[in-house]
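Survey of secondary and tertiary structure
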Protein chains: 2
Amino acid sequence: MKAKLTFLGTGTSSGVPMIGCNCPTCSSGDPRDKRLRASVLVEYGGLSILVDCGPDFRQQMLRADVRHLDAVLLTHNHKDHTGGLDDIRAFNLLEAKPMNIYCEEYVETSLRREYSYAFDEHKYPGSPEWRVHRINGREPFLVHSNANEDRLVWESGFGYRHEAPSQIPAREIPAVEVIPIQGWHHKQKVLSVLGYRFGNIAYLTDMNLIEDEELEKLRGVEYVTLNCVKRTQHHSHFSLPEVLELFDRIGAAHSYITHLSHGLPRHELFDSELPEGISPAYDGLVIG
Amino acid sequence: MKAKLTFLGTGTSSGVPMIGCNCPTCSSGDPRDKRLRASVLVEYGGLSILVDCGPDFRQQMLRADVRHLDAVLLTHNHKDHTGGLDDIRAFNLLEAKPMNIYCEEYVETSLRREYSYAFDEHKYPGSPEWRVHRINGREPFLVHSNANEDRLVWESGFGYRHEAPSQIPAREIPAVEVIPIQGWHHKQKVLSVLGYRFGNIAYLTDMNLIEDEELEKLRGVEYVTLNCVKRTQHHSHFSLPEVLELFDRIGAAHSYITHLSHGLPRHELFDSELPEGISPAYDGLVIG
C-alpha cells in the first residue's frame with residue numbers, strides 16, 4: 001500500500017527564520033527557507049494521519065487547508081512536537097469526533113502533566129477531546145479511522161457530551177498498520193523517539209542514534225526522512241556526515257532531510273551540494 | 001507617562017479563521033479578519049512588555065519584527081495565553097538574557113507543571129530561561145528592564161551558563177509601575193484574570209466580571225480594551241451588551257474590543273455598527 005506525505009513543517013525547534021536573526025538563511029526570500037516546526041501529514045489507506053503537533057499546528061492546518069484528521073502520532077514529548085495539541089479542539093468541533101493520539105507511555109505521562117485539563121473528569125468547556133492510545137515502540141500497531149469514534153455533541157456552556165456512534169459509520173475504513181522505528185535523541189539513550197513507516201514511506205526525526213535492528217525495519221522503503229539540524233556534531237541530532245551515512249545504509253530511492261536550522265545553508269545552496277537522491281525537505285513538499 | 005500598544009493578536013482561543021470554516025467572517029479577504037491569539041506589545045517608559053504569550057508567539061514576533069523584550073506579563077493560565085512560552089528561547093539567544101515573567105501564584109503553579117523542564121535544576125540544553133515574578137493582582141508592581149539580568153553564555157551541548165551582569169548595565173532604564181486590574185473569567189469567580197494598566201492605556205481580556213473597586217482603577221484612562229467573543233451570553237467572556245455597558249462606565253476616549261471569534265461579523269461590518277469611540281481591535285493596530 002502506497003502512502004503520500006506532505007511536509008507541513010521542516011524546521012528545528014525555533015523554526016527558520018530565527019526571531020531577530022539576519023543571517024543569509026534567515027533573511028532568504030526563498031519560501032523554501034521559511035520552515036515551521038517539524039510535522040508531516042500522511043495519507044495512507046484512506047486515513048489522514050498527522051505526525052507531531054507542534055506550536056505551528058493551527059497555521060499548518062490553515063495553510064494546507066486540512067479539514068479532516070483521523071489521528072495524531074507523536075514521535076516524542078518535546079514542545080516543538082506537542083505544543084499545538086490544545087488546538088486539536090478545532091477538529092473536535094469540525095468533525096464532532098475526539099482525536100485519536102498514538103504515543104509511547106512516557107509521552108502520555110507528559111501530556112497528562114502538560115495538558116492536565118484535557119484529562120479531567122469534568123472538563124473545562126471547550127477543552128480538547130483526545131483518545132490516547134499507548135504504543136510500545138517496538139511492535140507494529142493499528143491506526144484507526146475516526147469514523148467509529150463517539151460523536152461529540154456541543155452543549156453551550158457545559159462542553160461536549162459523548163454519543164455512541166450510529167451502527168453504520170459514515171465511512172467504513174479499515175485500520176492501517178504502522179511500523180514504529182525506535183531511535184534515541186541522544187547517543188546515551190536518554191530519550192526514546194519513534195519514527196514511523198507507512199508502507200513505502202518512512203518518517204524519522206529528532207534522532208541521534210538508531211540501532212541496527214531498528215534500521216532493518218526500513219528495508220525496502222522508497223522514501224525516507226531523517227533529521228539534521230546542522231553540519232557538525234549536535235548533542236541530540238544527527239550531524240550531516242551521520243545522516244548521509246545512514247541514508248546510504250538505508251538505500252531508499254529518495255531521501256529527505258528535515259528539522260533544519262538556520263545553521264545550514266539556504267535551501268537552494270544546500271540542495272546543490274547534496275548527493276543525488278538526497279534533498280532537504282521544505283514546507284509544502286509532497287512525496288509519494 | 002504615555003504608553004504605546006500594538007495588538008499582536010485579537011482572536012479568541014481558536015483564532016480566526018477557524019480551521020475548516022466557510023462562514024462569512026472566516027472566509028473574509030480583509031486582513032483585519034485574520035486574528036491570531038490575543039496578545040499585545042506595550043512600549044512604556046523605555047521598556048518593551050509583552051502581555052500574554054500564546055501559541056502564535058513566534059509568528060507574532062516575526063510579523064511585527066520584535067527584537068527586544070524586557071518582560072512578559074500573563075493575564076491567566078489558559079493555553080491560548082501561555083502556549084508559546086517555550087519560544088521565549090529565541091529571546092534568550094538573541095538578547096543573552098533570561099526573560100522576566102510576571103504572573104499570579106496560581107499561574108506560576110501551572111507553568112511549573114506545564115513547562116517543568118524550564119524549572120529543572122539541571123536543564124535540558126536549550127530549555128527556556130525565565131525569571132518568574134509573582135504578583136498579587138491587587139497591588140501595583142514594578143516591571144524591570146532586562147539590562148540588569150544575568151548574562152546568558154551558551155555552552156554547546158550543555159546549555160546556558162549564567163554570568164553576573166557587568167557593573168555598568170548596557171542600558172540604564174528604571175523599572176516602570178504597572179497597575180493590575182483583577183477580573184474573573186466566570187461570574188462565579190472561579191478563575192482570576194489580570195488586566196494591566198500602563199499609564200493612559202489599559203488592556204483587559206478574558207473576563208466575564210469586574211468588580212466595582214477594580215473598575216475604579218481604570219479611572220482616567222484614554223484607551224481601554226475589553227474582551228468579547230460573541231454577541232450573546234458566554235460562560236466565560238463578556239457579551240456585547242455587557243462590554244458596551246462597561247465601556248460606557250469606564251468612559252475612555254477610545255475603547256477596543258479584542259478576543260473576537262468568527263461568531264461576530266466581519267471587521268468592517270462590526271465596526272460600522274458600534275457606537276462612536278468603540279472599535280473592534282485588529283492584528284497590527286497600534287494605539288497610544
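For the structure itself, look to the data block above.
So, here is what we can say about the structure in this document. (Residues numbered from 1 in each chain as written. Chains lettered and ligands numbered in written order. Predicted model: local features only at pLDDT ≥ 70, side-chain atom pairs only at ≥ 80, totals over all residues. Heavy atoms only, no water.)

As a further point, take the overall build of chain A. The secondary structure content of chain A amounts to seven helices and 16 strands. The C-alpha atoms of chain A give 19 Å as radius of gyration, which agrees with the globular expectation for 288 residues (19 Å, within 12%). Looking at chain A as a whole, 60% of its 288 residues qualify as buried. Of the roughly 11200 Å² of accessible surface on chain A, a fraction of 50% belongs to carbon and sulfur atoms. Distance between charge centroids for chain A: 2 Å, based on 30 positive and 40 negative side chains. (Helix = DSSP H or I, 4+ residues; strand = E, 2+ residues; numbered from the N terminus. Rg over C-alpha atoms; globule rule 2.2 N^0.38 Å. Buried < 20%, exposed > 50% of the residue type's maximum accessible area, 1.4 Å probe, protein only. Areas by Shrake-Rupley, 256 points an atom, 1.4 Å probe, with all protein chains shown as cover. Lys, Arg positive; Asp, Glu negative; His and termini not counted. Charge placed at Lys NZ, Arg CZ, Asp CG, Glu CD.)

So, about the sheet that holds strand β12 (residues 201-203) of chain A. Residue and element names in this part refer to chain A. As summarised here, the arrangement of the seven strands in space is β7-β10-β11-β12-β13-β14-β15, forming an open sheet in which the pairing is mixed. Every other strand in the sheet has two partners, leaving β7 (141-143) and β15 (278-280) as the edge strands with one partner each. Recorded for the sheet is a direction-independent mean angle of 30° between the axes of neighbouring strands. (Pairing = 2+ DSSP bridges. Axes fitted to C-alpha atoms, helices over the stretch in contact; angles between N-to-C directions.)

Residue and element names in this part refer to chain A. Within the secondary structure, Ser39 sits in strand β2 (residues 39-44). On the accessibility criterion, Ser39 (1% relative accessible area) is buried. Of the polar contacts made by the side chain of Ser39, one reaches the backbone oxygen of Val51; its length is 3.2 Å. A distance of 3.0 Å separates the side chain of Ser39 from the backbone oxygen of Asp52, its partner in a polar contact. Here Ser39 is in contact with Thr6, Phe7, Leu8, Gly9, Leu50, Val51, Asp52, Gln60 and Tyr203, once residues within four sequence places are set aside. (Polar contact = N/O pair within 3.5 Å; in protein donor to acceptor, adjacent residues only side chain to side chain. Contact = heavy atoms within 4.5 Å.)

This part is about unusual backbone geometry. Cis geometry is found at the peptide bond from A:Val16 to A:Pro17, where omega equals 0°. Positionally, A:Pro17 belongs in the loop between β1 (3-9) and β2. Here B:Asp65, not a glycine, exhibits a phi torsion of approximately 50°, which is positive. The backbone phi angle of B:His259 is positive, close to 65°, even though this residue is not glycine. Along the chain, B:His259 falls in the loop between β14 (254-258) and α7 (267-273).

Let's shift gears to the interface of chain A and chain B. Listed per partner, the contact involves 43 residues of chain A and 43 residues of chain B. Of the roughly 3500 Å² buried between chain A and chain B, counting both surfaces, carbon and sulfur atoms make up 53%. Applying the counting rule to chain A against chain B returns two salt bridges. Here B:Asp87 ties to A:Arg37 by a salt bridge, and the two come within 2.8 Å at their closest N and O atoms. Elements represented by at least two residues in the side of chain A that touches chain B include exactly α1 (57-63), α3 (89-95) and α4 (105-114) of chain A. Across the side of chain A that touches chain B, the residue classes break down as 18 nonpolar, 14 polar and 11 charged. (Buried area = accessible area lost by both parts, 1.4 Å probe. Salt bridge = Lys/Arg side-chain N within 4 Å of Asp/Glu carboxyl O. Nonpolar A, V, L, I, M, F, W, Y, C, P; charged D, E, K, R; others polar.)

What follows concerns the sheet that holds strand β16 (residues 286-287) of chain B. All names here are of chain B. Within the open sheet, the seven strands sit side by side as β6-β5-β4-β3-β2-β1-β16. Their pairing is mixed. At either end of the open sheet lies a strand with only one pairing partner, and these are β6 (130-134) and β16. With two bridges connecting them, strand β1 (residues 3-9) and β16 associate as antiparallel partners. Looking at the pairing, Leu5 lines up with Ile287 of β16. Across the sheet, helix α4 (residues 105-114) touches β5 (99-103) and β6, and the angle it forms with β5 is around 125°.

In this section: the packing of aromatic side chains. Remark: the centre distance and the inter-plane angle together describe each pair of aromatic rings, the angle taken between the planes. Counted according to the given criterion, the structure contains 19 aromatic pairs over all chains. Aromatic rings pair up to connect A:Tyr115, A:Tyr117, A:Phe119 and A:Trp130 into one cluster. We note B:Arg32 situated over the ring of B:Tyr282; from NZ or CZ to the ring centre the distance is 6.0 Å. (Phe/Tyr/Trp six-rings, centres within 6.5 Å; stacked < 30°, edge-to-face > 60°. Lys NZ or Arg CZ within 6 Å of the ring centre and 35° of its normal.)

Further remarks concern α4(A). Buried within α4(A) we find A:Val107, A:Glu108, A:Ser110, A:Leu111 and A:Glu114. Here the buried residues of α4(A) occupy an arc of 155° about the axis, which is enough to place them on one side. Lining the buried residues of α4(A) we find α2 (79-82), β5 (99-103) and β6 (130-134) of chain A together with α2 (79-82) and α4 of chain B. (Arc of directions from axis to C-beta.)

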